[in-house]
Amino acid sequence: MDAIASDQPAPAGGSAAAAGVVIAAALLEKAAQLSLRHWDGAAAVRERAHALRLHSEDLIEADVDAYLRFVEAVRSARGMDGESRERIIGPAREQAVDVPMAVVRAAAEVAVLAKQVVTHGNPNLRSDAMVAGVLAAAGARAATITMSANLSDDPKDRRLTEARRLAEESGG
């Protein structure tokens, strides 16, 4: 959290979105763990929530790396035009879009799983599962905003369309 609050350009919004998904997945993992005696599907949800938490933790740092590579590519391409510029910036831009897209996908899955725990899990953990879903939806929406900023040249990119759809479906 200190790094996000720092005066450095990264980590920033994309990493914060991934961190929100980490928290959502951890809370979902807890709700599923404490639902094992209440629902046969709880173990599978717990395992998937755990995997999504670990994956989202990795995405925090991946977002930092992608953003810094993109900034460096833009600096390196300063003064270039057309194809030469795109050859340098293009791959870095792709990564700066692919990482938040992975955050959106993880968040959307956490949101779907949270709804299952709300419906089938331990009634005493229903509010925790609901909070996990809300946090996941916020993470999906936040990562979509990051993607949109990184795709300023092409707002109709299919990945952005998918991210918006997933964020909407997750409640974000």
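Residues numbered from 1 in each chain as written. Predicted model: local features only at pLDDT ≥ 70, side-chain atom pairs only at ≥ 80, totals over all residues. Heavy atoms only, no water.

Caption draft 1: Examining the layout of surface pockets more closely. Of the pockets and cavities examined, the largest pocket occupies roughly 150 Å³. In this structure, the largest pocket is lined by Pro9, Ala10, Ala12, Gly13, Gly14, Asp63, Ala66, Tyr67, Ala96, Thr146 and Asn150. Of all elements in the fold, only helix H2 (13-33), helix H3 (42-76) and helix H5 (126-150) reach the threshold of two or more residues within the lining of the largest pocket. Grouping the constituent residues of the lining of the largest pocket by class yields six nonpolar, four polar and one charged. (1 Å grid on protein atoms, 1.4 Å probe; cavity = no way out; pocket = protein on both sides within 12 Å on 5 of 7 lines; lining within 4 Å. Points joined across faces, edges and corners; volume = space filled by probe spheres on them. Helix = DSSP H or I, 4+ residues; strand = E, 2+ residues; numbered from the N terminus. Nonpolar A, V, L, I, M, F, W, Y, C, P; charged D, E, K, R; others polar.)

Caption draft 2: Structural detail: the environment of valine 22. Relative to the helices and strands, valine 22 resides in helix H2. Using a relative accessible area of 13% as the deciding quantity, one classes valine 22 as buried. (Buried < 20%, exposed > 50% of the residue type's maximum accessible area, 1.4 Å probe, protein only.)

Caption draft 3: Structural detail: H3. Given a rise of 1.5 Å per residue, 35 residues ought to cover 51 Å, and the 50 Å separating the end C-alpha atoms of H3 matches this to within 8%. The sharpest bend along H3 measures roughly 25° and falls at glutamate 61. (Expected span 1.5 Å × (residues − 1). Bend = angle between axes of the 7 residues up to and from the residue.)

Caption draft 4: Highlighting the environment of alanine 73. Considering the arrangement of structural elements, one finds alanine 73 in helix H3. Judged by its relative accessible area of 8%, alanine 73 falls in the buried class. Along the backbone, alanine 73 and arginine 93 are 20 residues apart, and their C-alpha atoms lie at a distance of 8.7 Å.

Caption draft 5: Highlighting the packing of H2 against H3. Relative orientation of the contacting elements H2 and H3 amounts to 165°, with a least axis distance of 8 Å. For the element pair H2 / H3, the angle class is roughly antiparallel. By crossing handedness, the relation of H2 to H3 is classed as left-handed. (Axes fitted to C-alpha atoms, helices over the stretch in contact; angles between N-to-C directions. Parallel < 35°, antiparallel > 145°, perpendicular 65-115°, else oblique. Left-handed = near helix turned anticlockwise from the far one by under 90°.)

Caption draft 6: Main features of the pattern of salt bridges. Counted under the stated rule, the structure contains nine salt bridges. For the salt bridge of aspartate 98 with arginine 159, the shortest nitrogen-to-oxygen distance reads 3.2 Å. Of this pair, aspartate 98 sits in helix H4 (residues 82-120) while arginine 159 is found in helix H6 (residues 158-170), placing the two residues 61 residues apart along the sequence. Aspartate 98 sits in the partly exposed class, given a relative accessible area of 39%. In this structure, the salt-bridge partner of arginine 165 is glutamate 169, at a minimum N-O distance of 3.1 Å. In this pair, arginine 165 and glutamate 169 are both assigned in helix H6, four residues apart and thus about one turn of the helix distant. (Salt bridge = Lys/Arg side-chain N within 4 Å of Asp/Glu carboxyl O.)

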